[in-house]
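# Residue-level structure breakdown
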Amino acid sequence: MGGVLFFGCIFITFGPALALFLMTIAQNNQLIILTIGGSFFWLISILFSSLWWFISYSIIPPLRTIYPTMIIFSVIIQELFRFLFYRLYTWGFPPNQNRSASISSSILPDPNANPTAAPTTDVGSRVQNNARLRSLSQMPNFLSVATALGLGSGVTYALVMFVSVLWEASGPGALFSPACPTTSLFMVGSIMASLFVLEHILLSIIAFEGFRRKSRFLISSVWIIHLVSSLLTLANLPGGSCAGSLIPVMLVVAFCWYLARKTALESGFVRVKYGSTA
């Protein structure tokens, strides 16, 4: 049953992320690049977390066994890099509406101009300007960018934290969770990894909108949700309970989904039509 368990856990962990990638991210080349960028930024944040852990805990060795402090510092560093990614994106790519409006006003004909006047630009420059305008109109909005960032961060998290352990499931025998002696350790890990992949996507949507609005409520909600869900994983340690970890994390992700949906609808980048569209 090693191969069956291995591929089953793989599909549980990465199935929803793969579906989201194929349905949304793969349709836009810029979103693919931003997904890779989100993955890179998450790896850099973990590198800094590891450096902080090595330096600080070398000075105070007992801190090595205090897992909550490790989680708190890691969450802080990850959220700082999420904000850094947002700042770099907004610095390199200003909002679509402003750019499109300014460029449109500079390349579209003036409605008050004399129609009999000779054109001031040649055909080649008009074609080039129209192509540039179409390219700008196809740029991803903040919601799509946040989804790409969250997907890259979440998938990289699952690859680093879970797949290295999951490889052992391909061999013979079984390994049970210390917190749930009757449940496979790999099954519990795959469900938890899938939840955190989804949470990374939702947190990025909330965070980007919070940064854009400068909303303290949304930004603080992202930090609190990320910290609480990460601390809940400590229930998987020996003496804990899988139900005491999985169920609360599911509830946190459900609340995160509600807040992300509400935030996305209020952002103006999503339009919901009720009733018939005919």
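Note that the structure is a prediction, hence the values are computed from the model and not measured.

### Some thoughts on the overall build of the chain
- Secondary structure summary: the chain contains nine helices and zero strands in total.
- Ordered by position from N to C terminus, the α and β elements of the chain give α-α-α-α-α-α-α-α-α.
- Taken across its 278 residues, the chain has 39% of its residues classed as buried.
- For the chain, the proportion of contacts with a sequence separation of at least 24, taken over those separated by at least 6, is 80%.

### Side note on the packing of aromatic side chains
- One pass over the full model with this rule turns up 13 aromatic pairs.
- Centre to centre, the rings of F41 and F81 are 6.4 Å apart; their planes meet at 70 degrees, and the pair counts as edge-to-face. A residue pair is termed long-range when its members are at least 10 positions apart, and F41 in helix 2 (residues 29-59) and F81 in helix 3 (residues 67-92) qualify at 40 residues.
- Seen in terms of ring centroids, F41 and F85 are 5.1 Å apart; in terms of plane orientation they differ by 90 degrees. Their pairing is edge-to-face. In this pair, F41 is assigned in helix 2 and F85 in helix 3, connecting sequence segments 44 residues apart.
- Taken together, F40, F41, F48, F81, F83, F85, Y86, Y89, F142, F208 and F211 form an aromatic cluster joined through their ring pairs.

### Here's the deal with the confidence of the model for the chain
- When pLDDT is averaged across the chain, the result is 78; 76% of the residues are at 70 or more.
- Across the chain, the element-wise mean pLDDT spans from 39 in helix 4 (residues 96-107) up to 93 in helix 8 (residues 216-232).
- Contacts of residues 129-137 to residues separated by more than four positions or lying in other chains number ten contacts, the stretch itself having pLDDT below 50.
- Here residues 272-278 is a poorly scored stretch, pLDDT under 50, and it has one contact once near neighbours within four places are set aside; other chains count.

### Focus on empty space enclosed by the protein
- If you walk through the whole model with that rule in mind, you get two cavities of 30 Å³ or more.
- Here the largest cavity is characterised by a volume of approximately 90 Å³.
- The wall of the largest cavity is formed by G38, F41, W42, S45, Q78, F81, R82, F85, L149, S153 and H200.
- Residue assignment for the lining of the largest cavity shows that the elements contributing at least two residues are helix 2, helix 3 and helix 6 (142-166).

### Here we look at a nonpolar patch on the surface
- A surface patch of nonpolar side chains, about 720 Å² in accessible area, is lined by L47, F48, L51, F54, I55, I59 and I60.
- Mapped onto the elements, L51 comes out in helix 2.

### Notes on helix 2
- If you check helix 2, its first and last C-alpha atoms are 46 Å apart, about what 31 residues at 1.5 Å a residue would give, namely 45 Å.
- For helix 2, the N-terminal cap is N28; the gap from its side-chain oxygen to the backbone nitrogen of Q30 is 2.8 Å.

### Quick look at the nonpolar core
- Residues L34, F85, I205, I206 and F208 are the most contacted members of the largest nonpolar core, which totals 54 residues.
- Only helix 1 (2-23), helix 2, helix 3, helix 6, helix 7 (185-213), helix 8 and helix 9 (243-267) provide two or more residues apiece to this core.
- Among the elements that take part in this core, helix 7 stands out by supplying 15 residues, more than any other.
- Those residues in contact with F85, other than ones at most four positions away along the chain, are L34, G37, G38, F41, V145, L149 and F208.

### Remarks on the pattern of salt bridges
- Per the stated rule, a full pass over the model turns up five salt bridges.
- Here R212 ties to E209 by a salt bridge, and the two come within 2.7 Å at their closest N and O atoms. Of this pair, R212 and E209 both sit in helix 7, separated by three residues, roughly a single helical turn.
- Since its relative accessible area comes to 34%, R212 is described here as partly exposed.
- A relative accessible area of 5% means that E209 is categorised as buried.
- Taking the shortest distance from any N to any O, the salt bridge between R213 and E266 comes out at 3.4 Å. Here R213, found in helix 7, pairs with E266, found in helix 9; they are 53 residues apart in sequence, far enough to count as distant.
- Owing to a relative accessible area of 45%, E266 belongs among the partly exposed residues under this scheme.

### Re the environment of F85
- Residue F85 is classed as buried on the basis of its relative accessible area, which comes to 7%.
- Between the C-alpha atoms of F85 and F41, which are 44 residues apart in sequence, the distance is 7.3 Å.

Cut-offs used in this document
- Residues numbered from 1 in each chain as written.
- Predicted model: local features only at pLDDT ≥ 70, side-chain atom pairs only at ≥ 80, totals over all residues.
- Heavy atoms only, no water.
- Helix = DSSP H or I, 4+ residues; strand = E, 2+ residues; numbered from the N terminus.
- Buried < 20%, exposed > 50% of the residue type's maximum accessible area, 1.4 Å probe, protein only.
- Contact = heavy atoms within 4.5 Å.
- Phe/Tyr/Trp six-rings, centres within 6.5 Å; stacked < 30°, edge-to-face > 60°.
- pLDDT = per-residue confidence, 0-100.
- 1 Å grid on protein atoms, 1.4 Å probe; cavity = no way out; pocket = protein on both sides within 12 Å on 5 of 7 lines; lining within 4 Å.
- Points joined across faces, edges and corners; volume = space filled by probe spheres on them.
- Patch = residues over 30% accessible without salt bridge, like charges linked within 9 Å, V, L, I, M, F, W, Y side chains within 5 Å.
- Areas by Shrake-Rupley, 256 points an atom, 1.4 Å probe, with all protein chains shown as cover.
- Salt bridge = Lys/Arg side-chain N within 4 Å of Asp/Glu carboxyl O.
- Expected span 1.5 Å × (residues − 1).
- Polar contact = N/O pair within 3.5 Å; in protein donor to acceptor, adjacent residues only side chain to side chain.
- Core = buried A, V, L, I, M, F, W, Y, C linked by side-chain atoms within 4.5 Å.

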